[in-house]
Amino acid sequence: MIRPHEAPRRRGRTVRLTLICAVLAVTPLAMAARPASARRAATGRIEGQVLLSSTLTARRPRFRIYAEPGPGARPPVPIVDEMRNVVLYVQHASVPETVTQPRFSVAQNDEQFLPHVLPVYRGTTVDFPNADDVFHNVFSLSSAKSFDLGRYPKGASKSVTFDRSGTVQLFCHIHSDMTAVVLVLDNPYFAVPTDGGHYMIENVPPGEYTVVGWHERVKAITQTVRVVAGETVKLDFNIPIPPAGDATR
Amino acid sequence: MQPADEDGRAPRTAAPSGGALRSFRRTPLSFRLAIFSAALAALVTCATFVALSMQVRTSTRTLFADELARNNRTLVNLQRTSRRQLVLTAALLAESPTLRSAIATYRVEQQAGAEQRADLTVTVQDELEKVGRDLNGGVLLATDEHGRVFAGYTSASPHPMAGEDLSALPAIRNALDPAINMKENDAYLSGLEVGGHYFSVGAAPLILDGYTIGTIVFGTPVDSSLVASLRTDFATQVVIAAGTHVVGSTLPAVHALEAARDSGGAGRLLSLGNDEYVAGVVHLGRTQLGTDLRVLLLQPLTPAVAALTSALRRDFIVYGVLAVVFAGLGAALLSRSLLRPLRGFIYFMHEGANRDDVHHEFNVDDASLEIRALNLSFNRLMASVRGKREELERRGTELAAANEVLTDEIKERQRVERALRESEAQLRQSQKLEAIGTLAGGIAHDFNNMLTVISGFTQMALMRLGKEHEAVHDLKQVSEAAHSAAGLTHQLLAFSRKQVMQPRVLDLEQVVDGMESMLHRLIGSHIALEVVHSMDAARIKADPGQLEQVLLNLAVNARDAMPEGGTLTIEIGFRRNRTGAQNATLSVRDTGVGIPPAVRDRIFEPFFTTKEVGKGTGLGLSTVYGIVAQSGGTIEVESTVGVGTTFTVAFPIATEYLVTDVNDDADAALPRGTETILLVDDEDAVLEFARRTLEECGYTVVKAHSGVEALTIVRADDRIDVLLTDIIMPQLTGPQLVERYLAKFAEPCIIYMTGYMDDETMRVELDEDVVLLRKPFSAADLARTVRTTLDARAALASAVDAG
């Protein structure tokens, strides 16, 4: 019931983020008053198709000691498409001085974090609203950002600002199955593919870059690309998602 | 029959033990049956006991094996449950958000290549310790998704096996494998070996967002405490083995080790020391090093079996002895009841055989079929025997009757033949002897008369001459010669058997002695005569003349048997005959040729002779036989050819006393008398001799030359005291005269005189009290005879008068 409502919202946000990134990429030399077209002309675009060559049906069901049939015997049905857990980002790119910091949120919905993967630019503040009827206690032990928001009820929300880049694993102290990843990045040039697997990173300053295809179970897949201002570079990713338990092999 | 056959074979085949075996075979059937039954009962009891003990053993073993299998199942279930509990506990621990977050975070950051987060490791360690401290010797480990130990806790070491790869441990391998669901629960169970300690462990995967990020391993110690617990739960011997190593045991170490090394399956029989055990095995899984952890439950078999067997043995001894006794008694009773009719039957047969009785039938109604069949067969046999015997008897009787008839016929015929023969012999003899007898008798009669005259007148001459006269000696010679001549005439008369049988008591010795000189003459000088007296005063009652003839005949035969000379022995003896009566014997034994057995039976036949023709009469022995038989005696003959012959004549001993003859004594005075005597004799010389003798003695003598004259001379009023008459006279014989005289006149004393007696007079039996005066007689004979007769009559008359 949330999903049809959420998806457009998120897409809109992504578009906005892309725009911002593009602006930021162009702005180092231009003034803030410069028209957008001018800035846009100074940056390039990376665009492509992501293919998940392995399905996620290999994911394990919950461990049940008595193997009677039940919901736990089946793999959990992913709320969002797995494609949305993929992040594509550009490494080592120059960052514009001013970047608008939009607020993001990771909701606790139906004892799951939503979204499961959230890429953010360094310094972004993320809200953790509790949409469930139960208490949640969001915390992280990751070195990029270690925090514990404590227990809070439905409707309450707490926020964390991620000022260091890195992977931040999110957990709930009450529901140990809940987990999410906030991927804190050094620049704003990143994208999450659409359900169809199409992605687009805009406003990338021209130059030669390494683009990373990230998934939490996969070793980062990298490709180099040359971004020319005003042009769109095509870059497709094939991310082999291994079966569960074999993630790093 | 089979038994006989066996008895026959037994001595050959079983010679050494034959004696005992045979003596056993000869024991009564009932005894054998009793022994056999008792032995059988004992055997059956023993066999049953052995079989039952084996059965008990097997059953006990099976029972124990079953119980052990049950125990095993229980143990397996217990173990499964307990290890499910382990897995569940592990799974619960895996739910810990702290552990998950720490491990997941650590993992992610390790992947990212960031520096190792010791704080996360410590967190996990701390978390595990918190739980593990209360585990009472258990183990708690966390591994990463590769099976390497991330952190852990045991009571023995705070950081066990850090970093060690346990991916080989089946439980962990299975926990990490997402393809394996929990259907095979046991796959999550394993043993674990940590620093010499063993654990039974379960592993649960750490799953985060559908991905395995590690495992939690939870285990309880496998040690002596488990042994104690199992011992309490199952009440058996317990051995826990890790491979061939003993982790804990209720048995002695040596036996435990042995049990641990045994790799047998469930229900196996283990022999440890003196005891046997039924073993059951429960596998607790393999450790990371591949060591097999096992629990062995051992049920001791020996004590249980021993207890059961001893009880069984006691019962069997009691009941076995009872069975043997009762079997023996039962068999004895049975055999008795079986054999009783048989015994009765045997007794019956025995009795029947003793009495030779075939008529009685034996009947048993209450005996067994076999006995009744035997009885029936026996009765049939007896009936058959009886029939046969009756038939036989009937035939025997018939035969006997026929035989009797035949025998009677034969006897009759023999008697007739004998009678015929006898009469024939008598006829012949009488014919033969009639001639001799007539001749000899005539001569003897005339000789006797002449000898009486010679003798009488010689006597008278002797009396008249007196003793001193020189002619006396010569006259005595004449008298003796006359006496001898009288003897010879006697012999002649005896030979012709024309003599009167006048038995009197004799002394055999005197008779033999009297004949000895005559016998010497008869047998000749080439034969020696021996007379043996084995008995004194052998008195017999016989006619002396006849006895002399017997001896004479036997002596003549003996002489004829010894033509070359030899010895003739006459023996007088004494013996008892078959009826016990005393006999005097007269044996005549020669050393002659003997009598062949072929003719021995015929020697007494008349006219049987082996002598040359003309030499023997064939009458000698038959005469002897006749005389002996006439005298009431017997004659026997013993003879050996070439050695000699003995005739033995036996006479009954006389009971009367011997009357000794008073010898004639010319010198003695003759008895005198005054009675009147009628003297009758046809011989003038004899008549004259008698008249003179009697008149000299004082008697009045009336003489007559014949009977007729005598009857005419005597008047009715003449007193005649003695009638002295010759027997043989012309016209009227002595007895006829007596008869006629007695018819006319008063009864006188009657004295006969005779020289011989012919057949006719012999047939006329003389009265017993008749007085006989043999010719030739002497004057003394005459005088004494007359006087004695008169005196006897006078005595009788006075006795009659007195009476």
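As the structure is a prediction and not an experimental result, all values here were calculated from the model.

### Observations concerning the overall build of chain A
In step 1: Within chain A one finds 2 helices and 18 strands.
In step 2: Classification of the 249 residues of chain A by burial places 41% in the buried group.

### Notes on the packing of helix α4 (residues 97-112) of chain B against helix α5 (residues 118-132) of chain B
Residues and elements named next belong to chain B.
In step 1: Closest axis-to-axis distance for the α4/α5 pair is 9 Å, and the angle between their directions is 155°. In terms of axis orientation, α4 runs roughly antiparallel to α5. Taken as a pair, α4 and α5 cross one another with a handedness that is left-handed. Residue-level inspection shows T98, L99, A102, I103, T105 and Y106 of α4 in contact with α5, the latter providing L120, T121, T123, V124 and E127.

### As for unusual backbone geometry
Glycine aside, the phi torsion of most residues is negative, and most peptide linkages are trans.
In step 1: Residue P115 of chain A is reached from L114 of chain A by a cis peptide bond, and omega for that bond is 0°.
In step 2: Topologically, P115 of chain A is positioned in the loop between β5 (112-114) and β6 (117-121).
In step 3: Of note, E111 of chain A is a non-glycine position whose phi angle comes to about 55°, a positive value.
In step 4: Of note, E111 of chain A is situated in the loop between β4 (107-109) and β5.
In step 5: Classification of E111 of chain A as partly exposed rests on a count of 13 C-beta atoms within 10 Å.
In step 6: The phi dihedral of Q731 of chain B is positive, around 65°, even though this residue is not glycine.
In step 7: Within the secondary structure, Q731 of chain B sits in the loop between β20 (722-726) and α18 (734-744).
In step 8: Owing to 11 C-beta atoms within 10 Å, Q731 of chain B belongs among the exposed residues under this scheme.

### What about the confidence of the model for chain A?
Residue and element names in this part refer to chain A.
In step 1: Confidence along chain A averages 74 in pLDDT terms, with 69% of residues attaining 70 or more.
In step 2: Of the regions scoring below 50 in pLDDT, residues 67-74 engages in 9 contacts with residues more than four places distant in sequence or in other chains.
In step 3: Here residues 243-249 is a poorly scored stretch, pLDDT under 50, and it has 20 contacts once near neighbours within four places are set aside; other chains count.

### Things to note about the nonpolar core
In step 1: Counting residues in each nonpolar core, the largest one holds 82 residues, and the members touching the most others are A90, I103, A203, I216, V239 and A259 of chain B.
In step 2: By residue number, the principal contributor to this core is helix α3 (residues 29-94) of chain B, which donates 10 residues.
In step 3: L52, F190, V192 and Y199 of chain A belong to the second largest nonpolar core, which has 51 residues in total.

### Some thoughts on helix α12 (residues 508-523) of chain B
All names here are of chain B.
In step 1: At E516, α12 shows its maximal bend, which comes to roughly 45°.
In step 2: Within α12 the residues assigned to the buried category are L508, V511, V512, M515, L519 and I523.
In step 3: Check the buried side of α12 and you find it contacts β11 (504-507), β12 (527-533), β13 (539-542), α13 (544-561), β14 (566-576) and β15 (582-590).
In step 4: Positive phi appears at G524, one or two residues downstream of α12, with a value of about 90°.

### Section: the pairing of strand β5 (residues 211-222) of chain B
All names here are of chain B.
In step 1: Across the 12 residues that make up β5, a large majority, 12, are buried.
In step 2: Bridging between strand β1 (residues 139-144) and β5 involves 6 bridges; their strand directions are antiparallel. The partner of D144 across the bridge, within β5, is G214.
In step 3: Across 11 bridges, the pairing between strand β4 (residues 197-208) and β5 is antiparallel. Paired with L206 across the two strands is G214, which belongs to β5.
In step 4: Hairpin connection between β4 and β5: a loop of 2 residues separates the two successive antiparallel strands, and D209 in this loop has a positive phi of roughly 55°.

### Considerations on the sheet that holds β5 of chain B
All names here are of chain B.
In step 1: Taken in spatial order, the 5 strands make up an open sheet running β2-β1-β5-β4-β3, and their pairing is antiparallel. If you trace the sheet from one side to the other, it starts and ends with β2 (149-154) and β3 (189-194), each paired once. For this sheet the average axis-to-axis angle between neighbouring strands, irrespective of direction, equals 25°.
In step 2: The strands touched by α5 are β1 and β2; relative to β2, the strand with the most contacts, the crossing angle is about 30°.

### Here's the deal with the sheet that holds strand β17 (residues 644-652) of chain B
Residues and elements named next belong to chain B.
In step 1: An order of β12-β14-β15-β17-β16 is seen for the 5 strands of this open sheet, with the pairing classed as mixed. Because the sheet does not close on itself, it has two edges, and the strands there are β12 and β16 (634-640). Averaged over all pairs of adjacent strands, the angle between their axes in this sheet comes to 15°, without regard to strand direction.
In step 2: Two strands pair when backbone bridges link them, and β16 and β17 are joined in this way by 7 bridges, in the antiparallel orientation. Across the sheet, T634 pairs through a bridge with A650, a residue of β17.

### Looking at the pairing of strand β8 (residues 136-140) of chain A
Residues and elements named next belong to chain A.
In step 1: Alternating positions in β8 separate cleanly, H136, V138 and S140 being buried on one face and N137 and F139 remaining unburied on the opposite face.
In step 2: Summarising the sheet, β8 and strand β9 (residues 147-152) pair through 4 bridges and their orientation is antiparallel. Note that in β9 the partner of H136 across the bridge is Y152.
In step 3: Following β8, the chain reverses through 6 residues before pairing antiparallel with β9.
In step 4: By the bridge criterion, 2 bridges tie β8 to strand β11 (residues 166-172) in an arrangement that is antiparallel. What sits directly across from F139, in β11, is F171.

Thresholds applied
- Residues numbered from 1 in each chain as written.
- Chains lettered and ligands numbered in written order.
- Predicted model: local features only at pLDDT ≥ 70, side-chain atom pairs only at ≥ 80, totals over all residues.
- Helix = DSSP H or I, 4+ residues; strand = E, 2+ residues; numbered from the N terminus.
- Buried ≥ 20, exposed ≤ 12 C-beta atoms within 10 Å, placed from the backbone.
- Axes fitted to C-alpha atoms, helices over the stretch in contact; angles between N-to-C directions.
- Parallel < 35°, antiparallel > 145°, perpendicular 65-115°, else oblique.
- Left-handed = near helix turned anticlockwise from the far one by under 90°.
- Contact = placed C-beta atoms within 7 Å.
- pLDDT = per-residue confidence, 0-100.
- Core = buried A, V, L, I, M, F, W, Y, C linked by C-beta atoms within 7 Å.
- Bend = angle between axes of the 7 residues up to and from the residue.
- Pairing = 2+ DSSP bridges.

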